Amino acid sequence: MINIGLAGWGDHDLGGGKGKLMTYGAHFPIVEVDTSFYAVQPERNYAKWVQETPENFGFIIKAYQGMTGHLRGENPFAGGADQMYEAFLQSIRPVQEAGKLKAVLFQYPPWFACNKASVDVIREAKARMGDVPLALEFRHQSWFTGDMRDKTLAFMKREGWMHSICDEPQAGTGSVPIVLEATHADMTMVRFHGRNVGGWVQTNEANWRDVRYLYDYNPQELLEWKVRLLRLQEQTREICIIFNNNSGGHAAGNAKTLMSMLGLDYEGLAPRQLDLF
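Fair warning: this is a prediction, and the values are worked out from it, not measured in the lab. (Residues numbered from 1 in each chain as written. Predicted model: local features only at pLDDT ≥ 70, side-chain atom pairs only at ≥ 80, totals over all residues. Heavy atoms only, no water.)

1. Notes on the sheet that holds strand 3 (residues 58-62)
Under the convention used in this document: A pair of strands is considered paired only if DSSP assigns at least 2 bridges between the two. Starting at the N terminus, helices and strands are each numbered in turn, a helix being any DSSP run of H or I of at least four residues and a strand any DSSP run of E of at least two. Interaxial angles span 0 to 180 degrees and are taken between N-to-C directions of axes, which are lines fitted to C-alpha atoms, for helices over the stretch in contact. By definition in these notes, contact holds between two residues if any of their heavy atoms fall within 4.5 Å.
In spatial order, the strands read 1-2-3-4-5-6-7-8; together these 8 strands close into a barrel with parallel pairing. The mean inter-strand angle of the sheet, taken between neighbouring strand axes irrespective of direction, is 25°. Pairing analysis gives 4 bridges linking strand 6 (residues 162-167) to strand 7 (residues 187-192), with the strands arranged parallel. Within strand 7, the residue paired with Ser 164 across the bridge is Met 189. The sheet contacts of helix 11 (residues 251-262) involve strand 1 (2-7), strand 7 and strand 8 (238-243), and relative to strand 1 the element is tilted by about 175°.

Written as structure tokens, this is what we have:
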């Protein structure tokens, strides 16, 4: 099973207006919640989103930045990590109870290198999250350099992490190659970040977030991924693909093109608004 969706629903014009989850749910069966990275969302938000989506819709929820080492400045949770994780787990309960949670994605930063301290951090996160399905994404190349590639994958399999495979610019140690291997029998993620090498590394620019994911995949690049996905499908029950190249509005079109290449026609999506003219 291959499910394709986008990072967020507010940036994409899908014919029914931007920012509408109900409109989004008429086009894609899954979505990545990225607002959860910037702040732990109120539980009522998730309850609302569950109600606005079809029964078989799925959510991938990004772990809060304080849980992955991205947070700069003071931790807003006075009770530290215990309170932070408790608040996050409480917030996503409506999605879990509705059976719509695909995974919580722990995306670690480019400076999170492969060493014993980092492994301990990952193990602690897994223990704190309990039986919640978890996906793991690295940005530091050291996790997949030389013989560390096989060791990293073996660790993820042993610890019960789903692999979030990246398609991203190859821009030095702060990026990872495509590692086409599942680490969990139930699900594997693939996230398309674009291949804008220059935008990926220019973090000192004021508008770097606008150009970092500015990329339009061409048909040949997506055809190459069709071949990869059919191979990957032999290793895992479900593949959840997220297009994160939102900066130039290309994500939805690229996702639709890949769906067409794979012959995917999802059932049970939300009804689409009729074009009266």
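That shown, we press on.
2. Considerations on the packing of aromatic side chains
Rules: Any Phe, Tyr or Trp ring, taking Trp's six-membered ring, that has another such ring centre within 6.5 Å forms a pair; planes under 30 degrees apart are called stacked, those over 60 apart edge-to-face, and the others tilted. Only protein chains enter the calculation, and the probe is 1.4 Å; a residue is then buried if its accessible area is under 20% of its type maximum, exposed if over 50%, and partly exposed in between. In this scheme, the term charge over a ring applies when either NZ of a lysine or CZ of an arginine sits within 6 Å of the ring centre and within 35 degrees of the ring normal.
Counted according to the given criterion, the structure contains 18 aromatic pairs. Plain terms: the ring middles of Tyr 46 and Trp 49 are 5.2 Å apart, the flat faces sit at 80° to each other, and that makes the pair edge-to-face. Taken together, the residues span about one helical turn, with Tyr 46 and Trp 49 both in helix 3 (residues 43-51) at a distance of 3 residues. You'll find Tyr 46 and Trp 49 in the same group, each marked buried. Here the aromatic rings of Tyr 64 and Phe 77 are separated by 6.0 Å at their centres, their planes lie at 80°, and the arrangement is edge-to-face. Taken together, the residues span a long stretch of sequence, with Tyr 64 in the loop between strand 3 and helix 4 (80-91) and Phe 77 in the loop between strand 3 and helix 4 at a distance of 13 residues. Side by side, Tyr 64 and Phe 77 carry an identical accessibility label, which is buried. An aromatic cluster is built from Phe 106, Tyr 108, Phe 112, Phe 138, Trp 143, Phe 144 and Trp 161, whose rings are joined through pairwise contacts. Above the ring of Trp 225, the side-chain terminus of Arg 228 is found at 4.9 Å from the ring centroid. The side chain of Lys 256 reaches across the aromatic face of Phe 28, ending 5.3 Å from its centre.

3. Looking at the side chain of Asn 3
Selection rule: Residues adjacent in sequence count toward polar contacts only when both atoms are side-chain atoms; beyond that, a polar contact is any pair of N or O atoms within 3.5 Å, and within protein one must be able to donate a hydrogen and the other to accept it.
Counting through the fold element by element, Asn 3 comes out in strand 1. What makes Asn 3 buried here is its relative accessible area of 7%. One polar contact links Asn 3 to Glu 238, side chain to side chain, over a distance of 2.8 Å. Once you skip the residues sitting within four places of it in the chain, Asn 3 turns out to touch Pro 29, Ile 30, Lys 102, Glu 238, Ile 239, Cys 240, Ile 241 and Tyr 266.

4. Things to note about the environment of Ala 87
With respect to the helices, strands and loops of the structure, Ala 87 is situated in helix 4. For Ala 87 and Gln 41, which are 46 residues apart along the polypeptide, the C-alpha to C-alpha distance reads 9.0 Å. Excluding its chain neighbours within four sequence positions, the residues that come into contact with Ala 87 are Val 40 and Phe 77.

5. Examining the side chain of Ser 164
Summarising the element assignment, Ser 164 is placed in strand 6. You can call Ser 164 buried: its relative accessible area is 2%. Aside from chain neighbours lying at most four places away, what touches Ser 164 is Leu 105, Leu 136, Glu 137, Met 189 and Arg 191.

6. What about the packing of helix 4 against helix 6 (residues 116-129)?
Counted only if it meets this: Each angle receives one of four descriptions, namely roughly parallel if under 35 degrees, roughly antiparallel if over 145, roughly perpendicular if within 65 to 115, and oblique otherwise. Each helix crossing is assigned a hand: it is left-handed if the near helix lies turned anticlockwise from the far helix by less than a right angle, otherwise right-handed if that turn is clockwise. Residues are sorted three ways: Asp, Glu, Lys and Arg are charged, Ala, Val, Leu, Ile, Met, Phe, Trp, Tyr, Cys and Pro are nonpolar, and all the rest, Gly among them, are polar.
At a minimum axis distance of 10 Å, the contact between helix 4 and helix 6 shows a crossing angle of 50°. The angle between the axes of helix 4 and helix 6 places the two elements in the oblique class. In this structure, helix 4 meets helix 6 at a crossing whose hand is right-handed. Facing Ala 81, Asp 82, Tyr 85, Phe 88 and Leu 89 of helix 4, the residues of helix 6 in contact are Ala 125, Arg 128 and Met 129. Among the residues making up the contact of helix 4 with helix 6, the classes are represented as 6 nonpolar, no polar and 2 charged.

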